[in-house]
Amino acid sequence: MAVVIQAMVPADVAGVMFTRDPRTGAPERVIEASYGLGETVVAGLVVPDLYRLTPAGCLLEERIADKDLLVRVAEPGGTEQIAVPASQARTAALTKAALAELVHLAEQCELTFGQSCDVEWAWSATGLSLLQCRPMTR
């Protein structure tokens, strides 16, 4: 047995990505994103932005949600929930450049693991971080 110890990434934006559509199995990148740590997405604390792209990175769908809450790293430890200002809550969490990097990450995950993947990722001041990658189940 192995134990992985991973440093907390102080994410500005985080989320999940499926390298195939989890509902239909279509060869599309499905990305959900919100501000702060990915906890807001995986715990259902907000409705995240939704992006669907082709494997080549062409945008098929973009739904920008009202992301009124974020979870961030607290001082001296743990996390805290913060209200997102109304002026920012309905803006896109990801830029076109960020989407392109996520599409590239999806391709790398599939090449490395040889199958469709369920990926957790985060953007911080240091760039894109792969937090977790596991086989996709339907």
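As a reminder, the structure under discussion sits directly above these lines.
No experiment lies behind these values; they were computed from the predicted model shown.

The rules we used
- Residues numbered from 1 in each chain as written.
- Predicted model: local features only at pLDDT ≥ 70, side-chain atom pairs only at ≥ 80, totals over all residues.
- Heavy atoms only, no water.
- Helix = DSSP H or I, 4+ residues; strand = E, 2+ residues; numbered from the N terminus.
- Buried < 20%, exposed > 50% of the residue type's maximum accessible area, 1.4 Å probe, protein only.
- Contact = heavy atoms within 4.5 Å.
- Pairing = 2+ DSSP bridges.
- Axes fitted to C-alpha atoms, helices over the stretch in contact; angles between N-to-C directions.
- Core = buried A, V, L, I, M, F, W, Y, C linked by side-chain atoms within 4.5 Å.
- Salt bridge = Lys/Arg side-chain N within 4 Å of Asp/Glu carboxyl O.

1. Comments concerning the environment of Asp-68
- Checked against the element boundaries, Asp-68 lands in the loop between strand E4 (59–63) and strand E5 (69–73).
- In this structure Asp-68 comes out as partly exposed when scored by relative accessible area, which is 44%.
- Sequence separation between Asp-68 and Ala-100 is 32 residues; the distance between their C-alpha atoms is 25 Å.
- Those residues within four positions of Asp-68 in sequence are excluded, and the remaining contacts are Val-46, Ile-82, Ala-83, Val-84 and Ala-89.

2. Brief notes about the pairing of strand E2 (residues 29–35)
- Most of E2 is tucked away: six of the seven residues are buried.
- Bridge analysis of strand E1 (residues 13–18) against E2 gives six bridges, and the strand direction is antiparallel. Note that in E2 the partner of Met-17 across the bridge is Ile-31.
- Where E2 lies against strand E3 (residues 49–53), five bridges are found, and the strand directions are antiparallel.

3. Digging into the sheet that holds E1
- Ordered in space as E4-E3-E2-E1-E7-E8, the six strands form an open sheet in which the pairing is antiparallel. In this open sheet, the two edge strands, each paired with only one partner strand, are E4 and strand E8 (127–135). Shown here is a sheet whose adjacent strand axes are inclined to one another by a mean of 15 degrees, direction ignored.
- Note: strand E7 (residues 117–124) against E8, eight bridges, orientation antiparallel. Across the sheet, the residue bridging to Trp-121 is Leu-130, located in E8.
- Strands in contact with helix H3 (residues 96–113) are E1, E2, E3, E7 and E8; relative to E7, the strand with the most contacts, it is inclined by about 140 degrees.

4. Remarks on the nonpolar core
- Val-13, Met-17, Ile-31, Leu-94, Leu-102 and Trp-121 are the most contacted members of the largest nonpolar core, which has 23 residues in total.
- When contributions to this core are tallied by element, the ones reaching two or more residues are E1, E2, E3, H3 and E7.
- The greatest single-element share of this core, amounting to seven residues, is contributed by H3.
- Residues contacting Met-17, with those up to four places away along its chain left out, are Val-30, Ile-31, Leu-102, Leu-105, Ala-106, Cys-117, Asp-118, Val-119 and Trp-121.

5. Here's the deal with the pattern of salt bridges
- Applying the stated criterion across every chain yields a total of nine salt bridges.
- Among the ionic pairs, Arg-29 bridges to Glu-110, the shortest N-O distance being 3.2 Å. Of this pair, Arg-29 sits in strand E2 while Glu-110 sits in helix H3, placing them 81 residues apart in sequence.
- The closest approach of N and O atoms between Asp-118 and Arg-134, which form a salt bridge, is 3.4 Å. With Asp-118 in strand E7 and Arg-134 in strand E8, this pair connects stretches of sequence that are 16 residues apart.
- Its relative accessible area of 13% is what places Asp-118 among the buried residues.
- Its relative accessible area of 29% is what places Arg-134 among the partly exposed residues.
- Through salt bridges with shared partners, a single network forms among Glu-28, Arg-52, Glu-61 and Arg-63.

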